[in-house]
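Chain by chain, the residues run as shown.
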Amino acid sequence: MNKYQILEAFCKESNVELVAVSKTKPNSAILELYDQGQRIFGENRVQELDEKHKALPKDIAWHMIGHLQTNKVKYIAPYVNMIHSGERKSLLKEINKEAIKNERFIDVLLQIKIAKEESKFGWNTEELMSLLDNGTKTAYPNINYRGVMGMATFTDDKEQVKSEFDQLKAVYDLLKSKYFEDQIDFDTISMGMSGDYKLAVESGSTMIRVGSLLFGARS
Ligand SMILES: *Cc1c(COP(=O)(O)O)cnc(C)c1O
């Protein structure tokens, strides 16, 4: 078995979805996995995502996993399958606006800040809950909230990473019970990358985002 087949088998067995993170990688590398059956690919830059979407098969489900500028939402809104980086109110508002323009719903994950590092994007849970308490959920009717996303601190300390993943799972459980109990497809916990996906799955991840392990290191 090759690397993809091994990971794919692991995902199937663990009941986890695999987002193949193809950022910086050429279309030929994407097609290699596509030909083996992979359909979900993740990108973190709008322009690159747009070019790949235009050039590659139309049944690819494109996931936007990176920081998203408000003024760029319009480019991906017609086709993006899921946005993992729903991490501020102005962005949610814009995604909703563009979803309406395109007469569709857009699946969005609420990106939660779990890492200790200052640089990581994402909601502080209390702030998010206060927005949800104040009607943000119903204010953006064309957003389909699908769950949460988070990135652990970049460290070799497995216990720290594990505890951050556990924290994200706890935030998901809390949001689910308080705001999305009646919504069956608020079912996604996007956590785990090449170096930590096994820990993430132990903590309850339902979707892993794996790049370098599949495609080789990025330069
Ligand atoms: C690049 C990236 C990944 C994949 O990272 P690898 O370590 O290459 O697996 C996952 N999630 C996000 C948000 C990324 O930007």
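Here, every reference points to the structure presented above.
Quantities reported herein were computed from a predicted structural model and do not represent experimental measurements.

Chemist: For this particular structure, what's the right way to read the packing of aromatic side chains?
Modeler: By convention here, two paired aromatic rings are described through the distance between centres and the angle between planes. Considering all chains together, one arrives at six aromatic pairs under this definition. A ring pair is formed by Phe10 and Tyr197, whose centres lie 5.3 Å apart and whose planes are at 75°; its orientation type is edge-to-face. Of the two residues, Phe10 sits in helix α1 (residues 3-14) while Tyr197 sits in helix α9 (residues 197-202), which places them 187 residues apart along the sequence. No difference in accessibility class separates Phe10 from Tyr197, as the two residues are buried. Ring plane angle 45° and centroid distance 6.1 Å describe the contact between Phe41 and Trp62, whose orientation is recorded as tilted. With Phe41 in strand β2 (residues 40-43) and Trp62 in strand β3 (residues 61-64), the pair connects residues that are 21 residues apart, well separated along the chain. The exposure class of Phe41 is buried, given its relative accessible area of 0%. Through pairs of rings, three or more aromatic residues link up here, namely Tyr145, Tyr172, Tyr179, Phe180 and Phe186. A cation over a ring is seen here: Arg39 above Tyr34, with NZ or CZ 3.6 Å from the ring centre.

Chemist: What am I meant to see in the site of the ligand here?
Modeler: Lining the immediate surroundings of the ligand are Val21, Lys23, Ile65, Met149, Met151, Met193, Ser194, Arg209, Val210, Gly211, Ser212 and Arg218. In this structure, an oxygen atom belonging to the ligand sits 2.5 Å away from a side-chain N or O atom of Ser194. With respect to the ligand, the side chain of Arg209 contributes an N or O atom lying 2.8 Å from a nitrogen atom. For the ligand, whose accessible area on its own is 390 Å², the fraction buried by protein is 90%. Counted by class, the shell around the ligand contains six nonpolar, three polar and three charged residues.

Chemist: Looking at this model, I keep getting lost on the pairing of β3. Mind explaining?
Modeler: On a regular strand, each side chain points to the face opposite its neighbour's, so the side chains alternate between the two faces of the sheet. Here β3 shows two buried faces, one formed by Ala61 and His63 and the other by Trp62 and Met64. Note: β2 against β3, four bridges, orientation parallel. Residue Glu43 lies in a different strand from β3, and its bridge partner there is Met64. Each parallel crossover has a hand, and the one from β2 via helix α3 (residues 46-55) to β3 is right-handed. Bridge count for β3 against strand β4 (residues 82-86) is two bridges, and the pairing is parallel. Within the sheet, the bridge partner assigned to Met64 lies in β4 and is Ile83.

Chemist: How should the environment of Thr125 be read in this particular structure?
Modeler: Looking at the element boundaries, Thr125 is found in helix α6 (residues 125-133). For the pair formed by Thr125 and His53, sequence separation is 72 residues and the distance between their alpha carbons is 33 Å. When sequence neighbours within four positions are dropped, the list of residues in contact with Thr125 reads Ile112 and Val171.

Chemist: Any chance you could explain the environment of Glu48 here in plain terms?
Modeler: Mapping Glu48 onto the fold places it in helix α3. In this structure the C-alpha to C-alpha distance between Glu48 and Lys74, which are 26 residues apart in sequence, comes to 14 Å. When near neighbours in sequence (up to four residues on either side) are disregarded, Glu48 contacts Ser22, Lys23, Thr24, Lys25 and Glu43. A polar contact is formed between the side chain of Glu48 and the side chain of Lys52, at a distance of 2.8 Å.

Chemist: Mind showing me how you'd approach the nonpolar core here?
Modeler: Buried together is how nonpolar side chains tend to be arranged in soluble globular proteins. Counting 63 residues, the largest nonpolar core has Ile76, Ile83, Ile112, Leu175, Ile208 and Leu214 as its most contacted members. Per-element tally for this core: the top contributor is helix α8 (residues 158-179), with seven residues. Not counting the four nearest positions on each side in its chain, Ile112 is found in contact with Gly122, Trp123, Thr125, Leu128, Val148, Met149, Gly150, Leu168 and Val171. With nine residues, the next largest nonpolar core counts Val21, Ala61, Leu109 and Met149 among its residues.

The rules we used
- Residues numbered from 1 in each chain as written.
- Predicted model: local features only at pLDDT ≥ 70, side-chain atom pairs only at ≥ 80, totals over all residues.
- Heavy atoms only, no water.
- Phe/Tyr/Trp six-rings, centres within 6.5 Å; stacked < 30°, edge-to-face > 60°.
- Helix = DSSP H or I, 4+ residues; strand = E, 2+ residues; numbered from the N terminus.
- Buried < 20%, exposed > 50% of the residue type's maximum accessible area, 1.4 Å probe, protein only.
- Lys NZ or Arg CZ within 6 Å of the ring centre and 35° of its normal.
- Near = heavy atom within 4 Å.
- Polar contact = N/O pair within 3.5 Å; in protein donor to acceptor, adjacent residues only side chain to side chain.
- Areas by Shrake-Rupley, 256 points an atom, 1.4 Å probe, with all protein chains shown as cover.
- Nonpolar A, V, L, I, M, F, W, Y, C, P; charged D, E, K, R; others polar.
- Pairing = 2+ DSSP bridges.
- Right-handed = clockwise from strand over helix to strand, strands pointing away.
- Contact = heavy atoms within 4.5 Å.
- Core = buried A, V, L, I, M, F, W, Y, C linked by side-chain atoms within 4.5 Å.

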